[in-house]
Number of protein chains: 2
Amino acid sequence: MLDLRRLEILERFANRGTITATAADLGYSPSAVSQQLATLEREVGIALVERTAQRASLTDAGRELAEHAARILAATETAQSRMRARTGAISGRVTISCIPALAPFLAPRLATLQRQHPELTVVAHETGSTTAASGVLDRRYDLAVIDDWSAAPPPAGNGLAVHHLRREEIVLAVPADHPLARNPVPVTAARLREAVHSHTWLCAPVGRLSRTAGDQRLAAVNATPGRRWEFEGLHVLAALVATGAGSAFLPTGIVHDQPGVTGLHLAPRMHRDILALNRTTTREDPAITTCLGAAREAIRRAPAGRVDPSAEPRR
Amino acid sequence: MLDLRRLEILERFANRGTITATAADLGYSPSAVSQQLATLEREVGIALVERTAQRASLTDAGRELAEHAARILAATETAQSRMRARTGAISGRVTISCIPALAPFLAPRLATLQRQHPELTVVAHETGSTTAASGVLDRRYDLAVIDDWSAAPPPAGNGLAVHHLRREEIVLAVPADHPLARNPVPVTAARLREAVHSHTWLCAPVGRLSRTAGDQRLAAVNATPGRRWEFEGLHVLAALVATGAGSAFLPTGIVHDQPGVTGLHLAPRMHRDILALNRTTTREDPAITTCLGAAREAIRRAPAGRVDPSAEPRR
DNA sequence: ATCCAGCATCAGTTCTCCTTACGCTGAGTT
DNA sequence: AACTCAGCGTAAGGAGAACTGATGCTGGAT
């Protein structure tokens, strides 16, 4: 009879790649992981791990067994969730990831939740959207609040349940003394091209969703930045805009926080979606659904911001 | 993290109904089963077992968790089979059930197998077809050789892999000095009706497949036995026919063994199928497939019997 | 009234599993 | 070439889990 704990160790090792990292993830010592993997190999009677002095990697058999393990673990998680749904108990440990920009709004709600349910332990992390999504899938997080800058519908059908929390408008953020700020009308392709070309362009490092989406938008209108600065964090970008350092694409909620920054509608409009993710296996877990509700509420109440009313076309 | 062993205990308990029987099945003491179930309840935080002084039964939650457990255990069995398929090792314990009439032919082959593969342990039981089929499903047996008297195609799609080993003809077995035996032509409906009515009818107890199929055949030709005797075991029935006690429907292989018995073709013909069953989860396990091959071979070589050639119509 | 089957509890022993400590290897660095 | 460090494995020890056997209880059957 295979042991679930060993299978979990194997599956985690398949995701992480080193014994040390696996051990850290699961709260074991590396030695324990090594021993458990060795035991598992003995049990199934076939080599699962290729061992070098400073590197261990999975064999084909190990990879396959890890895939089986993932299925088995998903089934047990479903069973556990169903049982917890029956008790209705809001308890246990829920690990949540949130994109940094929204974490300050989420955290107080989670704290309240934890006060209301002493049996519940919430562990919150700040993570980017892409790593958070895969982190939910491989059980590093149970719940993730992410943003999605793509116009495409959210990913689905791969074991992730997606919940739409909010849609935010993305505006062109310029310093308050920028020429465009004086004439706050929606920024057309031509205006955008001109503004980007004549000003420093502020954006996130390559790989961020906001960067990818922004670059796509610039490419669509054939705009090439005169100069490009890369900074981490949307709030940082907003602060830089405020100092007159350049312009950027930013969500209204973030522009709103920052005095000295004017947000201008884009024509056509641009958006990002705030989504929550959890595994479908935990869909019925009361602890998860409660945390999800708290996140939904928190994001709903986070300041949405508003651009200069005169730039807001009436319809 | 739920424990697989506990889940197995729960699932087995769901099938057996008592703690004592569960313990016997799994090779534990009843005390251990009781304790493990209690631990499992504590872990999931909900009552799974309703305890009376001398009866324990599952709650709704317990039944549901048992169903989850069955799925999980099936997944692990699949994983294990895949791993064993990779090693190709013919080892471990394989529990086989065989209908009594064929067990003598199967046993020597299994003994040979065990001699060839010292790592392999074969545990053989003799069981009727219906209990054997459910026994395979709930993991009391890994492999079962059964007979199927129904004209219907074998059951499938419920987790059982069905293998057709042989088709045997069912003949009307009469004492050698029976009037019909002197004129060995296929027994039509009219002749059958007459023979059954004027002679004692020998058959298995109610519930046996052979009994059900035989009764259906009799009902189809509107034949009512003058007198009916019920005995357990096809060989026993054959022996009774030999003493002139009555007539019966019997497979050719069994008639063949028994001197003093004449087998007469039925018109239309009647058959039973010899099938082997195993769980689809063990489909790839080399130990299982090897045992299955041995069974196939054993049944193929078992005496098929032949009725009086003059009764065999040429085509 | 007695017996018996079935279950729970308790104490004890065995065995599993994790941690700590230590040694090894190979790559990058000084 | 020596050093440093990350990663892995093994050995020993201790904590905890789990099984067994004994005991006691309950309710139905003899």
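The following paragraphs examine the structure supplied in this document. The structure displayed is predicted, hence computed values, not measured ones.

Let us now look at the protein's contact with DNA strand D. Neighbouring DNA strand D are 23 residues; Ser34(A), Arg51(A), Arg5(B), Ser29(B) and Gln54(B) lie closest to it. A share of 74% is what sugar and phosphate atoms reach among the atoms of DNA strand D within 4 Å of the protein. Measuring from a phosphate oxygen of DNA strand D, one finds a side-chain N or O atom of Ser34(A) at 2.7 Å. Elements with a contribution of two residues or more to the surface near DNA strand D: α2 (19–26) and α3 (30–44) of chain A together with α1 (4–16) and α3 (30–44) of chain B. A total of 4 residues in the surface near DNA strand D trace back to one element, the largest contributor, which is α3(B).

Below, the discussion takes up the packing of helix α1 (residues 4–16) of chain A against α3(A). Between two packed helices, both the angle of their axes relative to each other and the distance between the axes serve to describe the pair. All names here are of chain A. Following both chains from N to C, one finds α1 and α3 inclined at 110°, their axes separated by 9 Å at the closest point. Here α1 lies roughly perpendicular to α3, going by the angle between them. Seen from α1, the contacting residues are Arg6, Ile9, Leu10 and Phe13; seen from α3, they are Val33, Gln36, Leu37, Thr39, Leu40 and Glu43. Split into classes, the residues belonging to the contact of α1 with α3 amount to 6 nonpolar, 2 polar and 2 charged.

The subject of this paragraph is the side chain of Glu8(B). Residue placement: Glu8(B) occurs in helix α1. When neighbours within four sequence positions are excluded, Glu8(B) is seen to be in contact with Met1(A), Leu26(B), Leu73(B) and Arg139(B).

Attention shifts here to the pattern of salt bridges. Residue and element names in this part refer to chain A. Overall, the coordinates contain 50 salt bridges over all chains when judged by the stated rule. Put simply, glutamate 11 and arginine 139 hold a salt bridge, and the shortest N to O gap is 3.2 Å. With glutamate 11 in helix α1 and arginine 139 in the loop between α6 (129–137) and β5 (143–148), this residue pair connects regions lying 128 residues apart in the sequence. Both residues of the pair, glutamate 11 and arginine 139, count as buried.

Laying chain B over chain A is done by rotating through 180° and shifting 0.1 Å along the axis; what remains is an RMSD of 0.1 Å. Classification of the inter-copy transformation places it as that of a two-fold axis. Looking at the interface residues of chain B, 100% of them are also at the interface in chain A, so both copies use one shared face.

With 52 residues, the main nonpolar core has Leu48(A), Leu65(A), Leu48(B) and Leu65(B) as its most contacted residues. Among all residues touching Leu48(A), those that are not within four sequence positions of it are Leu40(A), Glu41(A), Ser57(A), Leu58(A), Thr59(A), Ala61(A), Gly62(A), Leu65(A) and Met83(B). In this structure, Ala181(B), Ala213(B), Ala223(B) and Ala245(B) belong to the second largest nonpolar core, which totals 35 residues.

The rules behind each value
- Residues numbered from 1 in each chain as written.
- Chains lettered and ligands numbered in written order.
- Predicted model: local features only at pLDDT ≥ 70, side-chain atom pairs only at ≥ 80, totals over all residues.
- Heavy atoms only, no water.
- Near = heavy atom within 4 Å.
- Polar contact = N/O pair within 3.5 Å; in protein donor to acceptor, adjacent residues only side chain to side chain.
- Helix = DSSP H or I, 4+ residues; strand = E, 2+ residues; numbered from the N terminus.
- Axes fitted to C-alpha atoms, helices over the stretch in contact; angles between N-to-C directions.
- Parallel < 35°, antiparallel > 145°, perpendicular 65-115°, else oblique.
- Contact = heavy atoms within 4.5 Å.
- Nonpolar A, V, L, I, M, F, W, Y, C, P; charged D, E, K, R; others polar.
- Salt bridge = Lys/Arg side-chain N within 4 Å of Asp/Glu carboxyl O.
- Buried < 20%, exposed > 50% of the residue type's maximum accessible area, 1.4 Å probe, protein only.
- Least-squares fit on C-alpha atoms with pLDDT ≥ 70 in both.
- Core = buried A, V, L, I, M, F, W, Y, C linked by side-chain atoms within 4.5 Å.

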